[in-house]
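Here is how the chains run, residue by residue.
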Amino acid sequence: MSSYQIGKVQDVFRYPVKSMLGERLAEIKAGSNGIVGDRAWGLREGNGRIATAKKWPGLLDFKAAYDSPPRSERLAPVRITTPEGRILHAEDADASAIISAAIGRPIHLERARPDEHSRGEIDPATIFGDVGVERVMPQFTAQTLPDTFGLHRGGFQDSAAVHLLASSTLVHLRSLIGSDAQVDARRFRPNIVVDTGTVGDAFVEDDWLSGELRIGADVRIVAMQPALRCVMTTHRQSELPRDPRMLRATAQHHQARLGVFAAIATPGLVRVGDPVWLEG
């Protein structure tokens, strides 16, 4: 088996509430079912679906963070900042009502259960922006595409336990769009960004798919699959403006795939600066 270092951990992120802004940290704990505390809370609609910024981009005006580091056996309180700057906690009795009023639709803020297998809500007419459903998923049209998608079992993550991307892929995407593009990792909501350099001429995660990643002393990442992108990458968030070119370029040059979704074979801490090795 070959093994070589492909880079180091540049950034780590955790998103306590699905589709709200999250936390950029110095380290995160990778558990067997995902990053501890990641997407541990969601906004459930009356029809049972989980609301997502794929359909409701205003959720990205909220920010969620833990008051202290969460643990697998007991999560710390989650502090939510509303668009108006109001501070509340996820377990407050009136939290759901306050968020419902802010987004203009009734939701219930709730914790994921270990046996959770919910479905996230999308709008087939807008999920791929002006790229269109047929360009990304030719087996469907906007009329036949389901309006929900399955979330990762045991939490509210999209599709898989953990999401990674490479810095040089972002450099490459910027070169395809133009130098004015603000191609920031936050648009893609990864858990781990690998510093693979500042020169990019490819979607480098393609080279990872047949192998495994080892991060730091313990963590092993396996079962990597290309991450399908959608309109969420184009939404405004924080100081980043709305930019439809993010999805247009990704669709045109890489079948709307960027980064990887993966599983965690060996849990442990992931720290900024940890070496990342590709094995296989």
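Structure's up top.
Small disclaimer: the values here were computed from a predicted structure and weren't measured. (Residues numbered from 1 in each chain as written. Predicted model: local features only at pLDDT ≥ 70, side-chain atom pairs only at ≥ 80, totals over all residues. Heavy atoms only, no water.)

### Concerning the nonpolar core
So, point 1. Ile80, Ile99, Leu109 and Phe128 are the most contacted members of the largest nonpolar core, which totals 43 residues.
So, point 2. Of all the secondary-structure elements, those providing two or more residues to this core are strand E5 (41-45), strand E6 (63-66), strand E7 (78-81), helix H1 (95-103), strand E9 (107-111), helix H2 (133-136) and helix H4 (245-254).
So, point 3. With three residues, the top contributor of residues to this core is H1.
So, point 4. Filtering out sequence-adjacent residues up to four positions away, Ile99 remains in contact with Met20, Leu43, Phe62, Ile80, Leu88, Ile107 and Leu109.
So, point 5. If you look at the next biggest cluster of nonpolar residues, it comprises 23 residues, including Ile6, Val9, Val219 and Val276. (Core = buried A, V, L, I, M, F, W, Y, C linked by side-chain atoms within 4.5 Å. Buried < 20%, exposed > 50% of the residue type's maximum accessible area, 1.4 Å probe, protein only. Helix = DSSP H or I, 4+ residues; strand = E, 2+ residues; numbered from the N terminus. Contact = heavy atoms within 4.5 Å.)

### Focus: H4
So, point 1. By the burial criterion, the buried members of H4 are Met246, Leu247, Ala249, Thr250, Ala251 and His254.
So, point 2. If you follow the buried residues of H4, they end up packed against helix H3 (167-177) and strand E16 (257-266).
So, point 3. Gln255, located one to two residues past H4, shows a positive phi value of around 55°.

### Brief notes about the side chain of Thr233
So, point 1. Here Thr233 shows up in the loop between strand E15 (219-228) and H4.
So, point 2. Look at Thr233 and you get buried, because its relative accessible area is 3%.
So, point 3. Within the structure, the side chain of Thr233 is placed 3.0 Å from the backbone oxygen of Cys230, a separation counted as a polar contact.
So, point 4. In contact with Thr233, other than residues within four places in its own chain, are Arg187, Phe188, Met246 and Leu247. (Polar contact = N/O pair within 3.5 Å; in protein donor to acceptor, adjacent residues only side chain to side chain.)

As far as function goes, none of this settles anything; it's purely spatial.
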